[in-house]
Amino acid sequence: TLEILPEKWHIDEGLESTGTFPICDWWNNIDDQLLDSLIDLGISNNYNLEMAAHRIAVAQNTVRSTMSSYYPTIRFDASWSKNRSSGMTGNTPNVAMVGSYWSLGASFSWEIDLFGKITSQVKQQKALYRATKTEYDGTMLALSANIAKDYIQLRVWQSQLEVALEHTQSQARVVKITEDRLECELGNMLDVTQARELYYSTKASIPKLENSIHTMINAIAVLLGVNPDEVYPILASKAPLPDFHAIIPIGAPADLLRRRPDIVKAENQLASYAEALGIAKKDFLPTLTLNGSIGTSAHKADDMFGKQSFSYAIMPTLSWTLFDGLDRKYKIAIAREQLKMAFDNYNLTVLNAVSDVDNALSSYKAALLYINAMEKVLEQSNKSFTLSLDLYKSNLTQFSNVVDAQMNVLENQNSLIVARGEALTNVVELFEAIGGGYTCN
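I will try to describe carefully the structure that is included in this document.

## What to know about the nonpolar core
Inside soluble globular proteins, nonpolar side chains tend to come together where they are buried.
Then step 1. In this structure, Trp 26, Ile 147 and Leu 235 are the most contacted members of the largest nonpolar core, which totals 78 residues.
Then step 2. Put simply, the parts of the chain that give this core at least two residues each are helix 1 (33–45), helix 3 (117–183), helix 4 (189–224), helix 5 (228–236), helix 6 (256–259), helix 7 (261–282), helix 8 (327–393) and helix 9 (399–433).
Then step 3. Among the elements that take part in this core, helix 9 stands out by supplying 16 residues, more than any other.

## A look at empty space enclosed by the protein
Then step 1. By the definition in use, this model includes 1 cavity of 30 Å³ or more.
Then step 2. Put simply, the largest cavity is a space of about 90 Å³.
Then step 3. Along the wall of the largest cavity there are 13 residues; nearest its centre are Glu 111, Phe 115, Lys 117, Pro 286 and Thr 287.
Then step 4. Of all the secondary-structure elements, those providing two or more residues to the lining of the largest cavity are strand 2 (97–112), helix 3 and strand 3 (287–298).
Then step 5. Residue composition of the lining of the largest cavity, by class: 7 nonpolar, 2 polar and 4 charged.

## As for the layout of surface pockets
Picture a little ball the size of a water molecule; that probe, rolled over the atoms, points out where space is still empty.
Then step 1. Taken as a whole, the second largest pocket spans an internal volume of roughly 240 Å³.
Then step 2. If you trace the second largest pocket, you find 14 residues lining it, with Ser 159, Pro 240, Leu 241, Ile 417 and Arg 420 closest to the centre.
Then step 3. Listed by contribution, the elements that provide at least two residues to the lining of the second largest pocket are helix 3 and helix 9.
Then step 4. Here the lining of the second largest pocket is composed, by residue class, of 8 nonpolar, 2 polar and 4 charged.

## Quick word on the pattern of salt bridges
Then step 1. What the rule picks out here adds up to 14 salt bridges.
Then step 2. Of the charged contacts, one joins Asp 77 and Arg 75 as a salt bridge, the two residues approaching to 3.2 Å between their closest N and O atoms.
Then step 3. For Lys 149, the salt bridge identified is with Glu 432, shortest N-O distance 3.2 Å. Taken together, the positions of Lys 149 in helix 3 and Glu 432 in helix 9 put the pair 283 residues apart, joining distant regions of the chain.
Then step 4. Among the residues examined, Glu 432 registers a relative accessible area of 21% and is labelled partly exposed.
Then step 5. Here the residues in one salt-bridge network are Arg 55, Glu 135 and Lys 265, joined through shared partners.

## Side note on the sheet that holds strand 3
Then step 1. Strands sit in the order 1-2-3-4 across an open sheet of 4 strands; the sheet is antiparallel. Bordering the open sheet on either side are strand 1 (73–85) and strand 4 (310–319), each of which pairs with just one other strand. Taken over all neighbouring pairs, the strand axes of this sheet differ in orientation by 20° on average, direction set aside.
Then step 2. Bridge count between strand 3 and strand 4: 10 bridges; the pairing is antiparallel. Paired with Leu 290 across the strands is Pro 316, a residue of strand 4.

## Quick word on helix 3
Then step 1. An ideal rise of 1.5 Å per residue puts 99 Å on 67 residues; helix 3 measures up with 97 Å between its terminal C-alpha atoms.
Then step 2. Once helix 3 finishes, Glu 185 follows within two positions and takes phi at roughly 60°, a positive value.

## Remarks on the packing of helix 1 against helix 3
Then step 1. Two elements in contact, helix 1 and helix 3, have axes separated by 10 Å at closest approach and are oriented at 140°. Judged by the angle between their axes, helix 1 and helix 3 are oblique. The hand of the helix 1/helix 3 crossing is right-handed. Residues Leu 34, Leu 35, Leu 38, Ile 39, Gly 42 and Ile 43 of helix 1 form the contact with helix 3, whose participating residues are Met 140, Leu 143, Ser 144, Ile 147, Ala 148, Tyr 151 and Arg 155.
Then step 2. Partitioned by chemical class, the residues of the contact of helix 1 with helix 3 number 10 nonpolar, 2 polar and 1 charged.

## Here's the deal with unusual backbone geometry
Then step 1. Backbone geometry at Asp 31 places phi at a positive 60°, although glycine is not the residue there.
Then step 2. Counting through the fold element by element, Asp 31 comes out in the segment before helix 1.
Then step 3. Using a relative accessible area of 66% as the deciding quantity, one classes Asp 31 as exposed.
Then step 4. One non-glycine residue, Leu 326, lies in positive phi territory at about 65°.
Then step 5. Tracing the chain through its elements places Leu 326 in the loop between strand 4 and helix 8.
Then step 6. Among the residues examined, Leu 326 registers a relative accessible area of 41% and is labelled partly exposed.

What counts and how
- Residues numbered from 1 in each chain as written.
- Predicted model: local features only at pLDDT ≥ 70, side-chain atom pairs only at ≥ 80, totals over all residues.
- Heavy atoms only, no water.
- Core = buried A, V, L, I, M, F, W, Y, C linked by side-chain atoms within 4.5 Å.
- Buried < 20%, exposed > 50% of the residue type's maximum accessible area, 1.4 Å probe, protein only.
- Helix = DSSP H or I, 4+ residues; strand = E, 2+ residues; numbered from the N terminus.
- 1 Å grid on protein atoms, 1.4 Å probe; cavity = no way out; pocket = protein on both sides within 12 Å on 5 of 7 lines; lining within 4 Å.
- Points joined across faces, edges and corners; volume = space filled by probe spheres on them.
- Nonpolar A, V, L, I, M, F, W, Y, C, P; charged D, E, K, R; others polar.
- Salt bridge = Lys/Arg side-chain N within 4 Å of Asp/Glu carboxyl O.
- Pairing = 2+ DSSP bridges.
- Axes fitted to C-alpha atoms, helices over the stretch in contact; angles between N-to-C directions.
- Expected span 1.5 Å × (residues − 1).
- Parallel < 35°, antiparallel > 145°, perpendicular 65-115°, else oblique.
- Left-handed = near helix turned anticlockwise from the far one by under 90°.
- Contact = heavy atoms within 4.5 Å.

Any functional reading would require information that these geometric values do not contain.
Okay, here's the thing in C-alpha coordinates:
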(Lines give C-alpha, C1' and ligand atoms only; values in the text may rest on other atoms or scores of the structure.)
Protein backbone atom coordinates (compact mmCIF):
# COMPACT_ATOMS: atom_id res chain seq x y z
CA THR A 1 0.00 0.00 0.00
CA LEU A 2 2.81 2.42 0.82
CA GLU A 3 4.00 2.04 -2.79
CA ILE A 4 0.84 3.68 -4.13
CA LEU A 5 1.05 6.63 -1.71
CA PRO A 6 2.76 9.80 -2.94
CA GLU A 7 5.61 11.21 -0.87
CA LYS A 8 3.81 14.56 -0.67
CA TRP A 9 0.73 16.27 -2.04
CA HIS A 10 1.03 17.64 -5.56
CA ILE A 11 -0.71 20.90 -4.72
CA ASP A 12 0.37 22.65 -1.56
CA GLU A 13 2.13 25.77 -2.81
CA GLY A 14 0.43 28.96 -1.75
CA LEU A 15 -1.53 27.30 1.05
CA GLU A 16 -0.73 28.09 4.64
CA SER A 17 -0.22 24.81 6.46
CA THR A 18 0.52 23.79 10.02
CA GLY A 19 2.24 20.66 8.78
CA THR A 20 0.33 18.56 11.32
CA PHE A 21 -2.60 16.26 10.92
CA PRO A 22 -5.98 17.24 12.44
CA ILE A 23 -7.44 14.65 14.75
CA CYS A 24 -10.37 16.33 16.42
CA ASP A 25 -13.15 18.90 16.10
CA TRP A 26 -12.01 20.15 12.70
CA TRP A 27 -14.99 22.52 12.37
CA ASN A 28 -13.49 24.73 15.09
CA ASN A 29 -11.13 25.96 12.36
CA ILE A 30 -14.12 27.60 10.65
CA ASP A 31 -14.58 29.73 13.77
CA ASP A 32 -18.38 29.84 13.89
CA GLN A 33 -19.84 29.09 17.32
CA LEU A 34 -23.33 28.41 15.96
CA LEU A 35 -21.95 25.82 13.55
CA ASP A 36 -20.05 24.21 16.44
CA SER A 37 -23.25 23.87 18.47
CA LEU A 38 -25.21 22.53 15.47
CA ILE A 39 -22.68 19.77 14.86
CA ASP A 40 -22.67 18.84 18.55
CA LEU A 41 -26.47 18.64 18.46
CA GLY A 42 -26.43 16.55 15.29
CA ILE A 43 -23.97 14.07 16.76
CA SER A 44 -26.24 13.73 19.79
CA ASN A 45 -29.50 13.28 17.85
CA ASN A 46 -28.92 12.10 14.29
CA TYR A 47 -30.75 8.84 13.52
CA ASN A 48 -28.17 7.53 11.04
CA LEU A 49 -25.57 7.88 13.76
CA GLU A 50 -27.86 6.13 16.23
CA MET A 51 -28.26 3.21 13.82
CA ALA A 52 -24.48 3.05 13.37
CA ALA A 53 -24.12 2.86 17.17
CA HIS A 54 -26.60 -0.03 17.26
CA ARG A 55 -24.57 -1.82 14.59
CA ILE A 56 -21.51 -1.50 16.82
CA ALA A 57 -23.46 -3.09 19.67
CA VAL A 58 -24.52 -5.95 17.36
CA ALA A 59 -20.91 -6.52 16.25
CA GLN A 60 -19.66 -6.42 19.84
CA ASN A 61 -22.21 -8.99 20.97
CA THR A 62 -21.35 -11.15 17.96
CA VAL A 63 -17.75 -11.23 19.18
CA ARG A 64 -18.93 -12.28 22.65
CA SER A 65 -21.23 -14.90 21.15
CA THR A 66 -18.33 -16.37 19.17
CA MET A 67 -16.10 -16.36 22.26
CA SER A 68 -18.72 -18.43 24.09
CA SER A 69 -17.61 -21.37 21.92
CA TYR A 70 -14.53 -21.64 24.16
CA TYR A 71 -16.79 -22.95 26.93
CA PRO A 72 -18.89 -26.10 27.23
CA THR A 73 -22.64 -26.12 26.72
CA ILE A 74 -24.38 -27.51 29.80
CA ARG A 75 -28.00 -28.55 29.90
CA PHE A 76 -30.21 -29.53 32.83
CA ASP A 77 -33.32 -31.73 32.45
CA ALA A 78 -36.01 -32.76 34.92
CA SER A 79 -39.03 -34.84 34.00
CA TRP A 80 -41.69 -37.24 35.11
CA SER A 81 -42.80 -39.95 32.71
CA LYS A 82 -45.71 -42.38 32.72
CA ASN A 83 -46.17 -44.95 29.99
CA ARG A 84 -48.15 -48.08 29.15
CA SER A 85 -46.87 -50.67 26.73
CA SER A 86 -49.09 -53.10 24.85
CA GLY A 87 -49.08 -56.75 25.89
CA MET A 88 -50.23 -57.93 22.48
CA THR A 89 -47.10 -57.26 20.44
CA GLY A 90 -45.43 -60.63 21.02
CA ASN A 91 -46.28 -64.18 19.95
CA THR A 92 -47.94 -64.80 23.28
CA PRO A 93 -50.50 -62.39 24.73
CA ASN A 94 -49.32 -60.68 27.91
CA VAL A 95 -50.64 -58.19 30.37
CA ALA A 96 -50.09 -54.57 29.38
CA MET A 97 -47.26 -52.98 31.33
CA VAL A 98 -47.79 -49.66 33.06
CA GLY A 99 -44.91 -47.72 34.59
CA SER A 100 -43.90 -44.27 35.72
CA TYR A 101 -40.66 -42.71 36.95
CA TRP A 102 -38.94 -39.48 37.86
CA SER A 103 -35.66 -38.37 36.30
CA LEU A 104 -33.09 -35.64 36.83
CA GLY A 105 -30.00 -35.15 34.73
CA ALA A 106 -27.40 -32.85 33.24
CA SER A 107 -25.57 -33.14 29.95
CA PHE A 108 -22.72 -31.19 28.40
CA SER A 109 -20.97 -30.80 25.07
CA TRP A 110 -17.60 -29.15 24.62
CA GLU A 111 -15.70 -28.67 21.38
CA ILE A 112 -12.00 -28.49 22.22
CA ASP A 113 -10.18 -25.76 20.27
CA LEU A 114 -7.56 -28.30 19.24
CA PHE A 115 -6.25 -26.54 16.13
CA GLY A 116 -7.32 -22.94 16.84
CA LYS A 117 -10.45 -22.85 14.68
CA ILE A 118 -12.48 -21.08 17.36
CA THR A 119 -9.65 -18.64 17.94
CA SER A 120 -9.66 -17.77 14.24
CA GLN A 121 -13.43 -17.27 14.31
CA VAL A 122 -13.06 -14.90 17.26
CA LYS A 123 -10.32 -12.94 15.48
CA GLN A 124 -12.52 -12.68 12.40
CA GLN A 125 -15.42 -11.26 14.41
CA LYS A 126 -13.11 -8.84 16.23
CA ALA A 127 -11.87 -7.53 12.88
CA LEU A 128 -15.47 -7.05 11.74
CA TYR A 129 -16.22 -5.29 15.04
CA ARG A 130 -13.35 -2.86 14.46
CA ALA A 131 -14.62 -2.29 10.92
CA THR A 132 -18.07 -1.47 12.30
CA LYS A 133 -16.54 1.01 14.76
CA THR A 134 -14.76 2.80 11.93
CA GLU A 135 -18.04 2.77 9.99
CA TYR A 136 -19.49 4.74 12.90
CA ASP A 137 -16.56 7.18 12.68
CA GLY A 138 -17.19 7.54 8.96
CA THR A 139 -20.89 8.20 9.52
CA MET A 140 -20.03 10.84 12.13
CA LEU A 141 -17.50 12.48 9.81
CA ALA A 142 -19.99 12.55 6.93
CA LEU A 143 -22.70 13.91 9.24
CA SER A 144 -20.57 16.76 10.56
CA ALA A 145 -19.39 17.59 7.02
CA ASN A 146 -22.96 17.60 5.66
CA ILE A 147 -24.15 19.85 8.48
CA ALA A 148 -21.28 22.25 7.74
CA LYS A 149 -21.93 22.23 3.98
CA ASP A 150 -25.66 22.86 4.41
CA TYR A 151 -24.95 25.61 6.93
CA ILE A 152 -22.53 27.27 4.50
CA GLN A 153 -25.08 27.05 1.68
CA LEU A 154 -27.72 28.55 3.99
CA ARG A 155 -25.45 31.53 4.69
CA VAL A 156 -24.74 31.89 0.96
CA TRP A 157 -28.44 32.16 0.15
CA GLN A 158 -29.03 34.52 3.06
CA SER A 159 -26.19 36.74 1.84
CA GLN A 160 -27.62 36.69 -1.68
CA LEU A 161 -31.04 37.60 -0.28
CA GLU A 162 -29.50 40.56 1.53
CA VAL A 163 -27.80 41.64 -1.69
CA ALA A 164 -31.08 41.32 -3.62
CA LEU A 165 -32.89 43.46 -1.05
CA GLU A 166 -30.18 46.11 -1.18
CA HIS A 167 -30.26 46.14 -4.98
CA THR A 168 -34.04 46.52 -5.11
CA GLN A 169 -33.65 49.70 -3.07
CA SER A 170 -30.83 50.94 -5.29
CA GLN A 171 -32.71 50.00 -8.46
CA ALA A 172 -35.88 51.67 -7.14
CA ARG A 173 -33.93 54.92 -6.82
CA VAL A 174 -32.71 54.53 -10.41
CA VAL A 175 -36.31 53.91 -11.55
CA LYS A 176 -37.28 57.17 -9.80
CA ILE A 177 -34.47 58.99 -11.61
CA THR A 178 -35.70 57.78 -15.02
CA GLU A 179 -39.30 58.68 -14.17
CA ASP A 180 -38.25 62.17 -13.05
CA ARG A 181 -36.21 62.67 -16.23
CA LEU A 182 -39.20 61.53 -18.29
CA GLU A 183 -41.43 64.10 -16.60
CA CYS A 184 -38.83 66.77 -17.30
CA GLU A 185 -38.61 65.57 -20.90
CA LEU A 186 -34.93 64.77 -20.45
CA GLY A 187 -35.40 61.04 -20.85
CA ASN A 188 -37.72 58.61 -22.60
CA MET A 189 -40.11 55.80 -21.74
CA LEU A 190 -37.59 53.17 -22.86
CA ASP A 191 -35.29 54.22 -20.05
CA VAL A 192 -38.14 53.85 -17.57
CA THR A 193 -39.15 50.39 -18.79
CA GLN A 194 -35.55 49.14 -18.77
CA ALA A 195 -35.09 50.38 -15.21
CA ARG A 196 -38.37 48.83 -14.11
CA GLU A 197 -37.54 45.54 -15.86
CA LEU A 198 -34.30 45.20 -13.91
CA TYR A 199 -36.02 46.22 -10.67
CA TYR A 200 -38.81 43.66 -11.01
CA SER A 201 -36.37 40.96 -12.15
CA THR A 202 -34.33 41.42 -8.98
CA LYS A 203 -37.48 41.53 -6.87
CA ALA A 204 -38.67 38.26 -8.47
CA SER A 205 -35.54 36.47 -7.25
CA ILE A 206 -36.39 37.21 -3.60
CA PRO A 207 -39.19 34.58 -3.15
CA LYS A 208 -36.99 31.87 -4.66
CA LEU A 209 -34.17 32.73 -2.29
CA GLU A 210 -36.56 32.79 0.67
CA ASN A 211 -37.88 29.36 -0.31
CA SER A 212 -34.34 27.98 -0.68
CA ILE A 213 -33.51 29.29 2.79
CA HIS A 214 -36.63 27.68 4.24
CA THR A 215 -35.98 24.28 2.66
CA MET A 216 -32.32 24.35 3.70
CA ILE A 217 -33.28 24.97 7.33
CA ASN A 218 -35.57 21.93 7.09
CA ALA A 219 -32.70 19.87 5.65
CA ILE A 220 -30.40 20.92 8.48
CA ALA A 221 -33.10 20.04 11.02
CA VAL A 222 -33.29 16.51 9.58
CA LEU A 223 -29.53 16.12 9.98
CA LEU A 224 -29.81 17.39 13.55
CA GLY A 225 -32.67 14.99 14.32
CA VAL A 226 -34.95 17.78 15.56
CA ASN A 227 -38.16 19.48 14.52
CA PRO A 228 -37.48 22.47 12.21
CA ASP A 229 -39.34 24.77 14.61
CA GLU A 230 -36.61 24.18 17.20
CA VAL A 231 -33.84 25.61 15.02
CA TYR A 232 -35.71 27.93 12.66
CA PRO A 233 -35.45 31.05 14.86
CA ILE A 234 -31.66 30.82 15.22
CA LEU A 235 -30.97 29.78 11.61
CA ALA A 236 -33.37 32.24 10.00
CA SER A 237 -31.51 35.14 11.61
CA LYS A 238 -29.13 36.65 9.11
CA ALA A 239 -25.44 36.13 9.74
CA PRO A 240 -22.40 36.65 7.51
CA LEU A 241 -20.49 33.81 5.95
CA PRO A 242 -17.61 32.60 8.13
CA ASP A 243 -14.16 33.64 7.00
CA PHE A 244 -13.08 31.41 4.12
CA HIS A 245 -9.37 31.75 4.95
CA ALA A 246 -8.15 28.76 6.92
CA ILE A 247 -4.88 27.23 8.01
CA ILE A 248 -4.83 23.88 6.25
CA PRO A 249 -3.34 21.04 8.32
CA ILE A 250 -2.41 18.92 5.35
CA GLY A 251 -0.09 16.40 6.97
CA ALA A 252 1.72 13.56 5.19
CA PRO A 253 -0.17 11.26 2.79
CA ALA A 254 0.66 8.24 4.98
CA ASP A 255 -1.41 9.79 7.81
CA LEU A 256 -4.52 8.81 5.84
CA LEU A 257 -3.87 5.16 6.67
CA ARG A 258 -4.51 5.65 10.36
CA ARG A 259 -7.10 8.45 10.30
CA ARG A 260 -9.50 8.08 7.38
CA PRO A 261 -12.42 5.84 8.46
CA ASP A 262 -13.01 4.15 5.11
CA ILE A 263 -9.36 3.09 4.90
CA VAL A 264 -9.34 1.74 8.45
CA LYS A 265 -12.61 -0.08 7.73
CA ALA A 266 -11.20 -1.63 4.54
CA GLU A 267 -8.09 -2.70 6.46
CA ASN A 268 -10.17 -4.49 9.10
CA GLN A 269 -12.36 -6.10 6.46
CA LEU A 270 -9.17 -7.37 4.84
CA ALA A 271 -8.11 -8.84 8.18
CA SER A 272 -11.48 -10.56 8.59
CA TYR A 273 -11.21 -12.20 5.16
CA ALA A 274 -7.70 -13.37 6.01
CA GLU A 275 -9.08 -15.08 9.12
CA ALA A 276 -11.96 -16.54 7.07
CA LEU A 277 -9.41 -18.17 4.77
CA GLY A 278 -7.67 -19.67 7.80
CA ILE A 279 -10.99 -21.00 9.11
CA ALA A 280 -11.75 -22.61 5.76
CA LYS A 281 -8.35 -24.36 5.80
CA LYS A 282 -8.94 -25.67 9.33
CA ASP A 283 -12.03 -27.52 8.11
CA PHE A 284 -9.60 -30.14 6.75
CA LEU A 285 -8.46 -30.89 10.30
CA PRO A 286 -10.26 -33.18 12.79
CA THR A 287 -12.46 -31.84 15.59
CA LEU A 288 -12.44 -33.13 19.15
CA THR A 289 -15.71 -32.95 21.06
CA LEU A 290 -16.28 -34.02 24.63
CA ASN A 291 -19.86 -35.09 25.40
CA GLY A 292 -21.14 -36.36 28.71
CA SER A 293 -24.16 -36.72 30.94
CA ILE A 294 -25.01 -37.54 34.52
CA GLY A 295 -28.43 -38.15 36.04
CA THR A 296 -30.74 -40.13 38.23
CA SER A 297 -34.09 -41.80 37.68
CA ALA A 298 -36.47 -43.80 39.90
CA HIS A 299 -40.10 -44.82 40.12
CA LYS A 300 -40.53 -43.11 43.46
CA ALA A 301 -39.30 -39.62 44.14
CA ASP A 302 -37.88 -40.77 47.48
CA ASP A 303 -35.52 -43.12 45.64
CA MET A 304 -34.18 -40.45 43.27
CA PHE A 305 -30.90 -40.05 45.12
CA GLY A 306 -30.34 -43.66 46.01
CA LYS A 307 -27.03 -45.26 45.05
CA GLN A 308 -28.56 -47.49 42.43
CA SER A 309 -30.50 -44.65 40.74
CA PHE A 310 -27.52 -42.74 39.33
CA SER A 311 -26.27 -43.06 35.77
CA TYR A 312 -23.56 -41.31 33.79
CA ALA A 313 -21.85 -41.37 30.40
CA ILE A 314 -18.77 -39.67 28.95
CA MET A 315 -17.99 -39.72 25.22
CA PRO A 316 -14.87 -38.08 23.78
CA THR A 317 -15.42 -37.94 20.01
CA LEU A 318 -12.83 -37.31 17.33
CA SER A 319 -14.46 -36.43 14.01
CA TRP A 320 -12.61 -36.13 10.75
CA THR A 321 -14.35 -35.56 7.44
CA LEU A 322 -12.54 -37.60 4.80
CA PHE A 323 -14.67 -36.79 1.77
CA ASP A 324 -17.37 -34.20 1.16
CA GLY A 325 -17.52 -33.94 -2.61
CA LEU A 326 -14.68 -31.35 -2.65
CA ASP A 327 -16.90 -28.87 -0.78
CA ARG A 328 -14.08 -27.72 1.52
CA LYS A 329 -11.73 -27.26 -1.42
CA TYR A 330 -14.15 -24.91 -3.12
CA LYS A 331 -14.82 -23.03 0.12
CA ILE A 332 -11.09 -22.36 0.41
CA ALA A 333 -11.06 -21.13 -3.18
CA ILE A 334 -14.00 -18.82 -2.42
CA ALA A 335 -12.30 -17.49 0.73
CA ARG A 336 -9.06 -16.88 -1.19
CA GLU A 337 -10.83 -14.89 -3.91
CA GLN A 338 -12.72 -12.88 -1.29
CA LEU A 339 -9.39 -12.06 0.34
CA LYS A 340 -7.99 -10.88 -3.00
CA MET A 341 -11.05 -8.70 -3.56
CA ALA A 342 -10.66 -7.22 -0.07
CA PHE A 343 -7.03 -6.43 -0.83
CA ASP A 344 -7.97 -4.75 -4.11
CA ASN A 345 -10.72 -2.82 -2.33
CA TYR A 346 -8.22 -1.63 0.28
CA ASN A 347 -5.78 -0.35 -2.35
CA LEU A 348 -8.61 1.30 -4.30
CA THR A 349 -9.84 2.99 -1.11
CA VAL A 350 -6.36 4.37 -0.48
CA LEU A 351 -6.10 5.68 -4.05
CA ASN A 352 -9.51 7.34 -3.80
CA ALA A 353 -8.50 8.95 -0.50
CA VAL A 354 -5.33 10.39 -2.01
CA SER A 355 -7.33 11.69 -4.96
CA ASP A 356 -9.96 13.25 -2.66
CA VAL A 357 -7.33 15.15 -0.68
CA ASP A 358 -5.46 16.31 -3.76
CA ASN A 359 -8.69 17.47 -5.44
CA ALA A 360 -9.81 19.32 -2.31
CA LEU A 361 -6.44 21.10 -2.07
CA SER A 362 -6.61 22.05 -5.73
CA SER A 363 -10.20 23.29 -5.44
CA TYR A 364 -9.44 25.39 -2.37
CA LYS A 365 -6.38 26.96 -3.94
CA ALA A 366 -8.34 27.74 -7.13
CA ALA A 367 -11.17 29.21 -5.05
CA LEU A 368 -8.77 31.57 -3.27
CA LEU A 369 -7.33 32.80 -6.57
CA TYR A 370 -10.83 33.21 -8.04
CA ILE A 371 -12.05 35.19 -5.00
CA ASN A 372 -9.04 37.48 -5.19
CA ALA A 373 -9.78 38.20 -8.86
CA MET A 374 -13.54 38.60 -8.30
CA GLU A 375 -12.98 41.17 -5.55
CA LYS A 376 -11.13 43.30 -8.10
CA VAL A 377 -13.86 42.72 -10.69
CA LEU A 378 -16.54 43.82 -8.22
CA GLU A 379 -14.57 46.91 -7.30
CA GLN A 380 -14.45 47.94 -10.97
CA SER A 381 -18.14 47.06 -11.43
CA ASN A 382 -19.12 49.45 -8.66
CA LYS A 383 -17.01 52.20 -10.22
CA SER A 384 -18.56 51.53 -13.64
CA PHE A 385 -22.07 51.81 -12.18
CA THR A 386 -21.30 55.06 -10.40
CA LEU A 387 -19.69 56.56 -13.49
CA SER A 388 -22.43 55.42 -15.88
CA LEU A 389 -25.16 56.81 -13.60
CA ASP A 390 -23.39 60.17 -13.29
CA LEU A 391 -22.92 60.34 -17.06
CA TYR A 392 -26.57 59.44 -17.61
CA LYS A 393 -27.71 62.18 -15.24
CA SER A 394 -25.57 64.57 -17.28
CA ASN A 395 -27.15 63.21 -20.45
CA LEU A 396 -23.74 62.04 -21.69
CA THR A 397 -24.49 58.32 -22.10
CA GLN A 398 -27.35 55.99 -22.86
CA PHE A 399 -29.34 54.44 -20.03
CA SER A 400 -28.53 50.93 -21.31
CA ASN A 401 -25.02 51.45 -19.95
CA VAL A 402 -26.48 52.05 -16.50
CA VAL A 403 -28.59 48.89 -16.77
CA ASP A 404 -25.59 46.85 -17.84
CA ALA A 405 -23.53 48.25 -14.98
CA GLN A 406 -26.27 47.52 -12.46
CA MET A 407 -26.62 43.94 -13.71
CA ASN A 408 -22.86 43.43 -13.58
CA VAL A 409 -22.66 44.65 -9.98
CA LEU A 410 -25.47 42.30 -8.94
CA GLU A 411 -24.03 39.30 -10.80
CA ASN A 412 -20.50 39.92 -9.54
CA GLN A 413 -21.67 40.33 -5.95
CA ASN A 414 -23.57 37.04 -6.16
CA SER A 415 -20.61 35.34 -7.84
CA LEU A 416 -18.30 36.53 -5.07
CA ILE A 417 -20.67 35.26 -2.38
CA VAL A 418 -20.93 31.87 -4.12
CA ALA A 419 -17.13 31.74 -4.49
CA ARG A 420 -16.61 32.41 -0.79
CA GLY A 421 -19.14 29.70 0.03
CA GLU A 422 -17.38 27.28 -2.31
CA ALA A 423 -14.03 28.06 -0.69
CA LEU A 424 -15.51 27.25 2.72
CA THR A 425 -17.05 24.08 1.30
CA ASN A 426 -13.63 23.13 -0.08
CA VAL A 427 -12.20 23.52 3.42
CA VAL A 428 -14.89 21.19 4.77
CA GLU A 429 -14.26 18.68 1.99
CA LEU A 430 -10.54 18.79 2.70
CA PHE A 431 -11.04 18.02 6.38
CA GLU A 432 -13.47 15.28 5.38
CA ALA A 433 -10.96 13.86 2.89
CA ILE A 434 -8.16 13.68 5.45
CA GLY A 435 -10.44 12.00 7.99
CA GLY A 436 -10.87 14.72 10.60
CA GLY A 437 -12.42 13.33 13.75
CA TYR A 438 -14.84 14.41 16.45
CA THR A 439 -12.92 14.05 19.69
CA CYS A 440 -9.26 13.66 20.58
CA ASN A 441 -8.39 10.21 21.91
